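Descriptive analysis of the structure
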Amino acid sequence: MKKTVFLGALTVAGLAAGVAAAGTLDDVKARGKLNCGVTTGLVGFAAPDANGEWKGFDVAVCRAVAAATLGDPAAVEFVPTTGKTRFTALASGEIDMLARNTTWTFSRDVDLKFTFTGVNYYDGQGFMAPKALGVSSAKELDGATVCIQTGTTTELNLADFFRANNISYQPVPIETNAEAQQQYLAGACDVFTTDASGLAATRATFEAPGDHILLPEIVSKEPLGPLVRHGDDEWSDVVRWTLNALITAEELGVTSANIGEMSAAAGGNPEINRLLGTEGNLGEMLGLSADWAAKAIMASGNYGEIFEQNIGEATPIGLSRGLNAQWTNGGLLYSPPFR
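Described in the following lines is the structure provided in the data block. (Residues numbered from 1 in each chain as written. Predicted model: local features only at pLDDT ≥ 70, side-chain atom pairs only at ≥ 80, totals over all residues. Heavy atoms only, no water.)

Considerations on the state of the cysteines
This model, assessed by the stated rule, comprises two disulfides. Paired through a disulfide, C36 and C62 show a sulfur-sulfur distance of 2.1 Å. Here the disulfide of C36 and C62 is left-handed, its torsion about the S-S bond being about -55°. You can see C36 sitting in strand β1 (residues 34–39) and its partner C62 sitting in helix α3 (residues 57–70), a full 26 residues away along the chain. The buried category is assigned to C36, whose relative accessible area is 0%. On the basis of relative accessible area, C62 is assigned to the buried category, the value being 0%. Here the protein pairs its bonded cysteines, counted in sequence order, in the arrangement 1-2, 3-4. (Disulfide = S-S within 2.5 Å. Helix = DSSP H or I, 4+ residues; strand = E, 2+ residues; numbered from the N terminus. Buried < 20%, exposed > 50% of the residue type's maximum accessible area, 1.4 Å probe, protein only.)

Some thoughts on empty space enclosed by the protein
Inspection of the entire model under this criterion finds two cavities of 30 Å³ or more. There is about 240 Å³ of room inside the largest cavity. Around the largest cavity sit 18 residues that line it, and R100, N101, Q149, T194 and D195 are the ones nearest its centre. The volume enclosed by the second largest cavity comes to roughly 30 Å³. Taken together, F57, V61, N120, L243, L246, Y303 and I306 make up the lining of the second largest cavity. Among the secondary structure elements, those contributing two or more residues to the lining of the second largest cavity are α3, α9 (233–252) and α14 (303–310). (1 Å grid on protein atoms, 1.4 Å probe; cavity = no way out; pocket = protein on both sides within 12 Å on 5 of 7 lines; lining within 4 Å. Points joined across faces, edges and corners; volume = space filled by probe spheres on them.)

The values are spatial; any link to function lies outside them.
Put into structure tokens, the structure is as follows:
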């Protein structure tokens, strides 16, 4: 590791250690607002609409946490961050959590002192190219110029892939997804590489998305999920179990449409009762109201509803569930039990 990078890691870790001791849940409650770090703009995941309202898959996770802790899914301040600024924003306390297409890695967990609270999207790095380039495989990209976001795992994955296949490339560094889109469409780079979901989201905004293809290679594992600072277990539990509540709700058939009926039903599935707070004291254990999970689910729906509304097959992005299907349907989505 270069000395400057090492010192940067120490700085981030030191900031995180200092801020975490403060007690984020108490801070959020006292402030009456959740500060949630998101991307600067990726349609389907986190982007403001025409009215300036933030929408998307990651945005829904932020709103669910706000609903669970404050009872109001609108009590969120969305803080746009880049690949370079996101970790400093979290470590310094500028944001309470980060929900920004961020890959869970060893060094981010151990060295930078962040706690990943689960995976909300199982992804992998891919490549997008114009059909006119005439390639059908990333292995045909010898000598290509490649748009790549700085401060991301994709930089290292890109170098590994080209080295392993004994081919060369010329990186074109960019800061944000908007800049990548602009440079790619202007022809400043032959190829754009990032998480495959991000490529699909970016392509969906093009005037002629059919003129661009996603190459078949997926060259990495990219488990994406929300993260918080190390050392604040109470807060990490809140964020972790809010995500788990969205996942479990889908598994158990609890939706934004039927949650009122299920909450009022006598008897029934004991785990649903515990999830919705009509039985047991799980909310008390978290320092939240008994119906914290019900409020989180009502904010934007269960995991499946959030997926389909923002990035699913019926949206312009058109992503299938794939690995992100429930474990009962052949996917990797799995929550520990609510008991």
